[in-house]
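Okay, here's what each chain looks like letter by letter:
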Amino acid sequence: MTEKEAKFSQIVSQYSEQLYWKARQIVGRHEDADDVVQNAFLKAWTRFDDFRGDSNFYTWIYRITVNEAIDFLRRKHEQVSPDGEMQVADKQFADDYFDGNDTQRMLYEAMETLPEAQRTTFSLRYFDDMPYSEISKILGTSEGGLKANYHLAVKKIKDFFHRRN
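Residue numbering note: each chain is counted from 1, following its sequence as written. In view of the model being predicted, local features appear only for residues whose pLDDT reaches at least 70, and side-chain atom pairs are presented and counted only at 80 or more, with totals across whole chains, interfaces and linings using the full set of residues. Computation of side-chain values: all heavy atoms of the structure, hydrogens and water removed.

**Quick word on the environment of Trp60**
- Only runs of H or I of at least four residues qualify as helices and only runs of E of at least two qualify as strands under DSSP, and these elements are numbered from the N terminus. Tracing the chain through its elements places Trp60 in helix α3 (residues 57-76).
- Trp60 sits 78 residues away from Ile138 along the chain, and the two C-alpha atoms are 7.4 Å apart.

**Focus: the packing of helix α6 (residues 116-127) against helix α7 (residues 132-139)**
- In the contact formed by α6 and α7, the axes pass within 10 Å of each other and the chain directions differ by 135°. The angle between α6 and α7 places the two elements in the oblique class. Crossing hand, α6 versus α7: right-handed. Residues Thr120, Thr121, Leu124 and Arg125 of α6 form the contact with α7, whose own contacting residues are Tyr132, Ile135 and Leu139.
- Residue polarity is assigned by list, with Asp, Glu, Lys and Arg as charged and Ala, Val, Leu, Ile, Met, Phe, Trp, Tyr, Cys and Pro as nonpolar; anything else, Gly included, falls into the polar class. Within the contact of α6 with α7, the residues separate by chemical class into four nonpolar, two polar and one charged. Interaxial angles span 0 to 180 degrees and are taken between N-to-C directions of axes, which are lines fitted to C-alpha atoms, for helices over the stretch in contact. Here the angle decides the label: under 35 degrees means roughly parallel, over 145 means roughly antiparallel, 65 to 115 means roughly perpendicular, and every other value means oblique. In this scheme, a crossing is called left-handed if the near helix is turned counterclockwise away from the far one by less than a right angle; it is called right-handed if the turn is clockwise. Note on contacts: a residue pair qualifies if any of its non-hydrogen atoms lie within 4.5 Å across the two residues.

**Topic: the packing of aromatic side chains**
- Working definition: a ring pair exists when centres of Phe, Tyr or Trp rings (six-membered ring for Trp) sit within 6.5 Å. Plane angles under 30 degrees give stacked, over 60 give edge-to-face, the rest tilted. In the structure shown here, the tally under the stated rule is twelve aromatic pairs.
- Consider the rings of Phe122 and Tyr126, whose centres lie 4.9 Å apart with planes at 10°: the pair is stacked. In this pair, Phe122 and Tyr126 both sit in helix α6, four residues apart, roughly one turn of the helix.
- The class for Phe122 is buried, based on a relative accessible area of 3%.
- Grouped by ring-pair contacts, the aromatic residues Tyr108, Phe122, Tyr126, Phe127, Tyr132 and Tyr150 constitute a single cluster.
- We call a charge positioned over a ring when the NZ of a Lys or the CZ of an Arg lies within 6 Å of the ring centre and within 35 degrees of the ring normal. Against the face of Tyr132 rests Arg125, its NZ or CZ located 4.3 Å from the ring centre. Partly exposed describes any residue whose relative accessible area lies between the buried limit of under 20% and the exposed limit of over 50%, with all areas from a 1.4 Å probe on protein chains only and scaled to the type maximum.

**Looking at the pattern of salt bridges**
- One speaks of a salt bridge when a side-chain nitrogen belonging to Lys or Arg is within 4 Å of a carboxyl oxygen belonging to Asp or Glu. Considering all chains together, one arrives at eight salt bridges under this definition.
- Linking Glu68 and Lys43 is a salt bridge whose minimum nitrogen-to-oxygen distance equals 2.8 Å. Note that Glu68 is positioned in helix α3 and Lys43 in helix α2 (residues 30-46), a separation of 25 residues in sequence.
- Glu68 is paired through a salt bridge with Arg75; the nearest N and O atoms lie 3.8 Å apart.
- By relative accessible area, Glu68 is classed as buried at 7%.

Dropping the structure here:
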């Protein structure tokens, strides 16, 4: 095994679980999250020599994973669709690997109603407690825009909960 392969193998071991759960929050299903993470690691492997160290490595691989998950959703048309396809929240709770309660289910349903940018910003900020500066690096967006997305997402989610209760 080369030094590069050994280093990358260590990275996969160190970050795969965290990246899996982030992908899972975004795409919903266990199998899809596995595919997203695998694709993210493949992309990272092919670009491994391009990593410049401008940010820490986790931020770099995390950004690749989040973008891969967003691309996956775009390819699969997972946004709320009028065709009756099972939505992310339904998939999340139909999955044997997921154990959640009614409040969690409502949160995922509310998140499905959000535009992609708000949903992603909310997920990174709420679930990962990530600072806006880090989200900005991952998504390549201004901190001001992210703050607006997050606050609009929170308002829409609160409205969703009020309508349901």
